[in-house]
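Coordinate analysis (summary)
For reference, the chains in residue letters:
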Amino acid sequence: MIKVLFICHGNICRSVMAHYIMQDMVNKMGRAEDFFIESAATSNEEIGNPIYPPARKKLNEVGVPIGTHRARRLAKSDYEEYDYLIGMDSENMYYIPRITGGDPEGKIYKLLSFAGLDKDIADPWYTGNFDETYDDIVCGLKAFLEGEK
């Protein structure tokens, strides 16, 4: 089983969107049993909060099922638990190894790097553009899953 943890600043927009979009993708591929997918935050700001309503609205628009989510903070122990720790932007990539104690096994990636892009997933909390965020997440996830065949 491949264990994937998506990480963003608050765990109410990008990382949780990636979590549920990927779960939907692997379900449709008939590969749900091959993956364990979760999400977390680098900050404490939103701990315990549900998915941000505009993020929920976007996932509903595209037919992605959403589970019961409550934001949680990335923990040092997550490094041993997961095969991939995937950040959404450069700020996440700065904080993830500081929280986990480094990256000795090379498990930390920026999502769009799987698509060969050195680009951040823009934070729709600030941009308000959930369509662009969704499109970029899908781009990164398709590339990731292509590499996991």
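The rules we used
- The residue numbering used here restarts from 1 in each chain and proceeds along that chain's sequence as written.
- Only residues with pLDDT of at least 70 get local features here, since the model is predicted, and only at 80 or more are side-chain atom pairs given and counted; chain-wide, interface and lining totals rely on the full set of residues.
- Based on all heavy atoms of the structure, the side-chain values leave hydrogens and waters out of the count.
- For the purposes of this entry, the term helix denotes a DSSP run of H or I that reaches at least four residues, the term strand denotes a run of E that reaches at least two, and both are numbered from the N terminus.
- Per-residue accessibility, obtained with a 1.4 Å probe over protein chains only, is compared with the maximum for each type, and a residue is labelled buried under 20%, exposed over 50%, and partly exposed between these values.
- When checking whether two residues touch, look at their non-hydrogen atoms; a contact exists if any pair is within 4.5 Å.
- In this description, a line fitted to the C-alpha atoms serves as the axis of each element, helices being fitted only across the stretch in contact, and the angle between N-to-C directions of two axes falls anywhere from 0 to 180 degrees.
- Comment on the angle field: the value is read as roughly parallel under 35 degrees, roughly antiparallel over 145, roughly perpendicular from 65 to 115, and oblique elsewhere.
- Crossing chirality is assigned from the near helix's rotation relative to the far helix, an anticlockwise turn below a right angle marking it left-handed and a clockwise turn marking it right-handed.
- Amino acids outside the nonpolar list (Ala, Val, Leu, Ile, Met, Phe, Trp, Tyr, Cys, Pro) and the charged list (Asp, Glu, Lys, Arg) are all regarded as polar, and Gly is one of them.
- Buried Ala, Val, Leu, Ile, Met, Phe, Trp, Tyr and Cys residues form a nonpolar core when they are joined through side-chain atoms within 4.5 Å.
- Salt bridge criterion: a side-chain nitrogen from Lys or Arg within 4 Å of a carboxyl oxygen from Asp or Glu.

1. As for the environment of A75
Its place among the elements puts A75 in the loop between α2 (53–61) and α3 (78–81). Take A75: its relative accessible area is 29%, and that puts it in the partly exposed class. C-alpha of A75 to C-alpha of S43: the two residues are 32 residues apart in sequence and 11 Å apart in space. In this view, A75 contacts I99 and T100; residues no more than four positions away in its chain are not counted.

2. A short note on the packing of α2 against helix α6 (residues 130–147)
Packing of α2 against α6 leaves a shortest axis separation of 10 Å and a crossing angle of 60°. By the angle between their axes, α2 is oblique relative to α6. For the crossing formed where α2 meets α6, the hand is right-handed. Here P54, A55, K58 and E61 of α2 lie close against α6, whose contacting residues are F130, D131 and Y134. The residue inventory of the contact of α2 with α6, partitioned by class, reads four nonpolar, no polar and three charged.

3. A few points about the nonpolar core
Judged by nonpolar contacts, the single largest core of 34 residues is most densely connected at V4, F6, I21, M22 and F35. When residues of this core are traced back to their parent elements, those giving at least two are β1 (2–8), α1 (14–29), β2 (35–41), α2, β3 (84–87) and α6. For this core, the element with the highest residue contribution is α1, accounting for eight residues. Apart from residues no more than four positions distant in its own chain, V4 is found in contact with M22, F35, F36, I37, E38, Y82, Y84, I86 and F144. In terms of nonpolar packing, the next biggest core, distinct from the first, is built from ten residues, I7, Y79, Y82 and I96 among them.

4. Some points on the pattern of salt bridges
In this structure the tally under the stated criterion is twelve salt bridges. Note that R14 is salt-bridged to D89, the shortest N-O span being 2.7 Å. Highlighted residues: R14 in helix α1 and D89 in the loop between β3 and α4 (90–100), separated in sequence by 75 residues. Comparing R14 with D89, the two get one shared label, buried. Residues joined by salt bridges that share partners form a network here, namely R14, D89 and D123.

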